[in-house]
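# Residue-level structural notes
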Amino acid sequence: MTLNYPFEHIRAKPHELDLFKKALPNITKEMPEFFRTMDIANKSIEQKNMFGNPLGIRQDLGFENSLKILLIACFNDGLLTEGDTAEKAIDIFRALTLKWYTFGNKLDSCLYFAYFAYSRHSYAATLFNDYLKQSDFLAGGAKSRLDNADVASLLNPTYSKAWYKTSTGLGDKLHPLVLSDDDVTKTSFPRPGYQVHFRSTNRFDLRVPTFIEMDQVEKPMIQDTKVIVSCPNCRQKCRGNLFKQIEIACPSCKTTWKQFTS
Ligand SMILES: [Zn+2]
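In short, a report on the structure. Sequence order sets the numbering: in each chain, residues are counted from 1 along the sequence as written. Totals for whole chains, interfaces and linings use all residues, but because this is a predicted model, local features are given only for residues with pLDDT of at least 70 and pairs of side-chain atoms are given and counted only at 80 or more.

### Considerations on the environment of Ala-73
Assignment of secondary structure puts Ala-73 in helix α3 (residues 63-76). Residues Ala-73 and Val-229 lie 156 residues apart in sequence; the distance between their C-alpha atoms is 42 Å. With C-beta atoms placed from the backbone, a contact is any residue pair whose C-beta atoms sit within 7 Å. Once you skip the residues sitting within four places of it in the chain, Ala-73 turns out to touch Asn-26, Ile-27, Lys-29 and Glu-30. Only DSSP runs of H or I reaching four residues or more are called helices, and only runs of E reaching two or more are called strands; each is numbered from the N terminus.

### What about helix α2 (residues 25-46)?
In an α-helix, one full turn covers 3.6 residues, which means residues spaced three or four apart are oriented alike. What a helix is expected to span follows from its residue count: subtract one and scale by 1.5 Å. Taking 1.5 Å of rise per residue, 22 residues should cover 32 Å, and α2 covers 33 Å from first to last C-alpha, within 8% of that figure. Along α2, the largest kink reaches about 35° and is centred on Met-31; proline Pro-32 follows within four residues of it. In this scheme, the bend at a residue equals the angle between the axes fitted to the seven residues that finish there and the seven that begin there.

### Points about the sheet that holds strand β4 (residues 184-187)
Two strands form a pair only when DSSP identifies at least two bridges running between them. Here we have three strands laid out as an open sheet, ordered β4-β5-β6, and antiparallel in their pairing. Single-partner strands in this sheet number two, and they are β4 and β6 (211-213). Neighbour to neighbour, the strand axes of the sheet diverge by 20° on average, direction disregarded. Note that β4 and strand β5 (residues 193-196) share four bridges and pair antiparallel. Of the residues in β5, the one forming a bridge with Thr-187 is Gly-193. Inter-axis angles, ranging from 0 to 180 degrees, are taken between N-to-C directions of lines fitted to C-alpha atoms, where helices are fitted over the stretch in contact.

### Observations regarding helix α5 (residues 107-119)
Taking 1.5 Å as the rise per residue, α5 with 13 residues should run 18 Å; its terminal C-alpha atoms sit 17 Å apart, in good agreement. Lining the buried residues of α5 we find α2, α4 (86-102), α6 (121-135) and β5.

Written as structure tokens, this is what we have:
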């Protein structure tokens, strides 16, 4: 049986590839090689050792080198600037990988990136830290282009800062993202929050961040037959009738959203 990944069906709009090429010329040049090495690397982790465990990340497949070259392209195209953290760089790579996939590129490459960025997160963070130290002089004080209209329309956020907690997991109030408790680890280091690793289901979702801050996660407050949750847009506390799934319209800012309560 083939597993379906929640991001698998997403496709770019027809004009977006040209927009990508124009807005991010250096990155466009390096993405095919990045995807090629990840495709090979994914085959290598699919091979199991004699105990049936994956062989893990191998160093000799060209992946680390292509990652480093893509990182330099990110500086040249203004997505990364001096002083950016490994966490930020990983999130930009996540968004680029997802976007490149939606142009019709290989799912296997994405699965390797997800394995690397979520399941082997500390390894990914160490690698990015090292490469950022070696490369951030390239930025030369240039300003980030992440908020420029062309780039922002290509890499628009796939998750929000408004999450809710249920008895079985986490959900995003503004995006159709649901995570099982077994696929995240609650942690207080380096900051309070949830590390997303997908190690239980391996059902990777490249739309999800690798880390969700604790202060962005709300537990619905339940009083008898009512539930109180805060608006993902203006923070206003909103009351509704208690059902397993609720739809709320904020009386202040009119934002509507759906979420689970238990
Ligand atoms: Zn509101």
